[in-house]
Amino acid sequence: MSLSHHVELFSFLGITEPSYLQSVARLSKNLSDEFIACLRERGLVFVESLVIRTALNSLRRSAQSSPEIKQEEDPTVEMFLARLHPDLARHAPSLRGLGIDITHMPVLAELDADSYAELENALAAEGLTWVELFLIKAGIHNYA
């Protein structure tokens, strides 16, 4: 089943490269489910969400056959963002501009939904796309 009629939606969300879907495939089931729920809220119908879930599962199996080396510690925001896929280090000035450094990651992971939404809105105002915000959120929760 083709999802080509949703190209505008995916572009609007910033999902412009396969690497974004590959990143989502590496996330926990809860975060993958959240990703799919967001797509459903924006217009994907049930069967289309099953197509996405199947594609993510296939990408996950491929990623498991070639595991990545994960750094144990990220001493800077730049290194944290560079570790994400795709590399989001270009957004380090936006995080630093908000006063965020690597020591804040555990605190950010514990923010309530409203507070985290404020952070996302501030970063979106800096030009980050929905999918970049989603991947940073996943990275923060994996880091903590």
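Asks: Would you mind going over the packing of aromatic side chains in detail, with residue names and values included?
Replies: Counted under the stated rule, the structure contains 4 aromatic pairs. With a centroid separation of 5.7 Å and an interplanar angle of 35°, the aromatic rings of Phe35 and Trp130 are classed as tilted. Of the two residues, Phe35 sits in helix H3 (residues 29-41) while Trp130 sits in helix H9 (residues 130-143), which places them 95 residues apart along the sequence. Neither residue differs from the other here; Phe35 and Trp130 are each classed as buried. A network of ring pairs unites the aromatic residues Phe35, Trp130 and Phe134 as a single cluster.

Asks: I'd love a proper account of the environment of Glu120, names of residues and values included.
Replies: As for its position among the elements, Glu120 is in helix H8 (residues 113-125). Classification of Glu120 by relative accessible area gives partly exposed; the value is 24%. Between the alpha carbons of Glu120 and Phe134 there is a distance of 9.0 Å; along the sequence they are 14 residues apart. With residues near it in sequence (within four places) discarded, Glu120 still touches Leu133 and Lys137.

Asks: So what's going on with the environment of Asn30? Residues and values would help.
Replies: Within the secondary structure, Asn30 is located in helix H3. Asn30 gets classed as exposed once you look at its relative accessible area, which sits at 64%. Along the backbone, Asn30 and Gln64 are 34 residues apart, and their C-alpha atoms lie at a distance of 18 Å.

Asks: I'd like a rundown of the side chain of Ser23, residues and numbers included.
Replies: Here Ser23 lies in helix H2 (residues 18-25). If we ignore the near neighbours within four places in the chain, the residues touching Ser23 are His85, Pro86 and Leu135.

Asks: Hey, could you go over the pattern of salt bridges for me, with residue numbers and the actual values?
Replies: Summed over all chains, the structure comprises 5 salt bridges. Put simply, Lys137 and Glu34 hold a salt bridge, and the shortest N to O gap is 2.8 Å. Placement of Lys137 in helix H9 and of Glu34 in helix H3 is noted, with a sequence separation of 103 residues between them. In this structure Glu34 comes out as partly exposed when scored by relative accessible area, which is 28%. Among the ionic pairs, Arg96 bridges to Glu78, the shortest N-O distance being 1.8 Å. One end of the pair, Arg96, is in helix H6 (residues 92-97); the other, Glu78, is in helix H5 (residues 77-83), with 18 residues separating them in the sequence. Via salt bridges that share partners, Lys29, Asp33 and Arg53 belong to a single interconnected network.

What counts and what doesn't
- Residues numbered from 1 in each chain as written.
- Predicted model: local features only at pLDDT ≥ 70, side-chain atom pairs only at ≥ 80, totals over all residues.
- Heavy atoms only, no water.
- Phe/Tyr/Trp six-rings, centres within 6.5 Å; stacked < 30°, edge-to-face > 60°.
- Helix = DSSP H or I, 4+ residues; strand = E, 2+ residues; numbered from the N terminus.
- Buried < 20%, exposed > 50% of the residue type's maximum accessible area, 1.4 Å probe, protein only.
- Contact = heavy atoms within 4.5 Å.
- Salt bridge = Lys/Arg side-chain N within 4 Å of Asp/Glu carboxyl O.

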